[in-house]
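# Observations on the three-dimensional arrangement
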Amino acid sequence: MAQEVEGRPLKETLALWTREQARLKARVVVRNTEAWQRDPAFSGLHRVGGVDVSFVKGDSGSACASLVVLSYPELQVLYEDSSMVSLTAPYVSGFLAFREAPFLVDAVQRLQAKEPSLMPQVILVDGNGVLHHQGFGVACHLGVLSDLPCIGVAKKLLQVDGLENNTLHREKIQLLQAGGDYFPLMGSSGAVLGVALKSHDHSTKPLYVSVGHKISLETAVRLTHHCCRFRIPEPVRQADIRSREYIHRTLELPGQAALKDPKAQRPKACPKEGSREPTDEA
DNA sequence: GCGACAG
DNA sequence: ATCTTGTCGC
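The rules behind the values
Each chain has its residues counted from 1, running along the sequence as written. Throughout, the order in which chains and ligands are written sets their labels, letters from A for the former and numbers from 1 for the latter. Selection of residues for local features in this predicted model requires a pLDDT of at least 70, selection of side-chain atom pairs for listing and counting requires 80 or more, and totals for whole chains, interfaces and linings are taken over all residues. Neither water nor hydrogens contribute to the side-chain values; these are computed over all heavy atoms in the structure. UniProt positions are given in the numbering used here, feature names are shortened, and annotations may be inferred rather than shown by experiment. Any carboxyl oxygen of Asp or Glu that lies within 4 Å of a side-chain nitrogen of Lys or Arg is treated as forming a salt bridge with it. Numbering of helices and strands runs from the N terminus; a helix is a DSSP stretch of H or I covering at least four residues, while a strand is a stretch of E covering at least two. Categorising residues by exposure relies on relative accessible area from a 1.4 Å probe, with only protein chains included: less than 20% of the type maximum marks a residue as buried, more than 50% marks it as exposed, and the intermediate range marks it as partly exposed. A strand pair is defined by DSSP finding two or more bridges across the two strands. The convention used is that axes are lines fitted to C-alpha atoms, helices contributing only their stretch in contact, and that angles between N-to-C directions extend from 0 to 180 degrees. Note on contacts: a residue pair qualifies if any of its non-hydrogen atoms lie within 4.5 Å across the two residues. Nearness is judged by heavy atoms alone; a residue qualifies as near a molecule or strand once a single heavy atom is within 4 Å of it. Polar contacts, as used here, are pairs of N or O atoms within 3.5 Å; protein pairs need one atom able to donate a hydrogen and one able to accept it. Residues neighboring in sequence count only if both atoms are side-chain atoms. Nonpolar residues are Ala, Val, Leu, Ile, Met, Phe, Trp, Tyr, Cys and Pro. Charged residues are Asp, Glu, Lys and Arg, and all others, Gly as well, are polar. Here a cavity means grid points, on a 1 Å grid over the protein atoms only, where a 1.4 Å probe fits yet cannot get out; a pocket means an open set of points with protein on both sides within 12 Å along at least five of seven lines; lining residues are those with an atom within 4 Å of a point. Grid points are joined across faces, edges and corners, and a volume is the space filled by probe spheres set on the points.

As annotated in an unreviewed UniProt entry, chain A carries the name Endonuclease V and comes from Otolemur garnettii. The UniProt entry for chain A carries this comment under Cofactor (unreviewed entry): "Mg(2+)". Its UniProt record gives chain A the following Sequence similarities (unreviewed entry) comment, quoted word for word: "Belongs to the endonuclease V family."

Right, let's get into the pattern of salt bridges. Pairing is possible between side chains of opposite charge, provided their charged atoms come close. For the structure on display, the rule yields 10 salt bridges. Between K214 and D147 there is a salt bridge whose closest N-O contact spans 3.0 Å. Highlighted residues: K214 in the loop between β10 (207-213) and α6 (217-226) and D147 in the loop between α4 (138-146) and β7 (150-154), separated in sequence by 67 residues. In this structure D147 comes out as partly exposed when scored by relative accessible area, which is 47%. As a salt-bridge pair, R249 and E245 come within 4.0 Å of each other at their nearest N and O atoms. Taken as a pair, R249 and E245 lie in helix α7 (residues 234-251) at a separation of four residues, close to a single helical turn. Connected via shared salt-bridge partners are R229, E234 and R237.

What follows concerns the sheet that holds strand β6 (residues 122-126). Taken together, the eight strands give an open sheet; going across it, the order is β5-β4-β3-β6-β7-β10-β9-β8, and neighbouring strands pair in mixed fashion. Since the sheet does not close on itself, it has two edges, and those belong to β5 (77-86) and β8 (182-186), each with one partner. Put simply, the sheet's adjacent strands are angled 25° from each other on average, direction ignored. For β6 and β7, the ladder comprises four bridges, and the chain directions are parallel. Opposite V125, over in β7, you have G152 as the bridge partner. Packing against the sheet, helix α5 (residues 167-175) makes contact with β8 and β10, and its axis sits at approximately 155° to β8.

Okay, the protein's contact with DNA strand B next. The environment of DNA strand B is formed by 17 residues, the closest being Y91, G94, L96, K155 and Q159. The contact atoms of DNA strand B, taken as those within 4 Å of the protein, divide so that sugar and phosphate hold 49%. At 3.2 Å from a base nitrogen of DNA strand B is found a main-chain nitrogen or oxygen belonging to F95. At a separation of 2.8 Å, a phosphate oxygen of DNA strand B approaches a polar backbone atom of K155. Of the residues belonging to the surface near DNA strand B, the class tally is six nonpolar, seven polar and four charged.

In this structure, the largest pocket encloses a volume near 630 Å³. In this structure, the largest pocket is lined by 26 residues; those nearest its centre are Y91, L96, D126, G127 and N128. Top contributing element to the lining of the largest pocket by residue count: helix α3 (residues 96-114), with four residues.

Around DNA strand C sit S54, F55, K57, K155, T167, R170 and R244, and those are all the residues in its vicinity. The sugar and phosphate moieties of DNA strand C supply 100% of its atoms located within 4 Å of the protein. One of the side-chain nitrogen or oxygen atoms of K155 is found 2.9 Å away from a phosphate oxygen of DNA strand C. Elements supplying a minimum of two residues to the surface near DNA strand C: β3 (47-55) and α5. Here the residues of the surface near DNA strand C sort into one nonpolar, two polar and four charged.

And the structure:
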């Protein structure tokens, strides 16, 4: 039995998605377009967005999509839009945008309708930009569809165009000294597709930053670093935290969980020392 | 058959 | 992505 997407064989769906990616890719802009992007201190930049989608444990169909807007440079949350969504498209590496981007575009449009003055001037996206099989990852996809500057921030290296998470790559990572240090990721074609960025002083694993839309790689890296209180840039981190919390508050109420799940009856004891952020080492 | 595989 | 654990890396 062949996998299908809305009654259409997956193979045909992938053919359609591939054509759509090529069509949208013609509209991507990989350079700075805004005045604040050229400013050494980012003066004129006041609002940075972050997006993420979190999933419900057992159910691969339901998820929570979150868009947050933070003040810059304070990084305080000014706006949040979290909503449950039903995912129809499957996850296929290289086509993440077709699964998640529609809900992120919806969130941007709700913001435009409700609080246009809070529209972010740039969005950090959980995933890749041009560092991608077809050079058009979810950060480019959201950027083109929303017409907003976007930056791709991935937690793992997408091994495309000859890039490999091999011994040499890991050695280069170990040479990164302080937060803000980075090295370029050059594809076999010779083009620099992104960078591996040490996002803060005590982070072991780098961030993989690439251009999404309407921003240069250099600016994208500099801004991403400026948004990092921990390993994951604050806009993406807040979207991740809030989408997760929304799910827990919505369908995993403590009382019900305790009744259903024996393991939930004994809540975990207090953490040993201070509170640590899951995605942040240090 | 085995390894890869953003989220 | 999510769950879970834990202590190199092939």
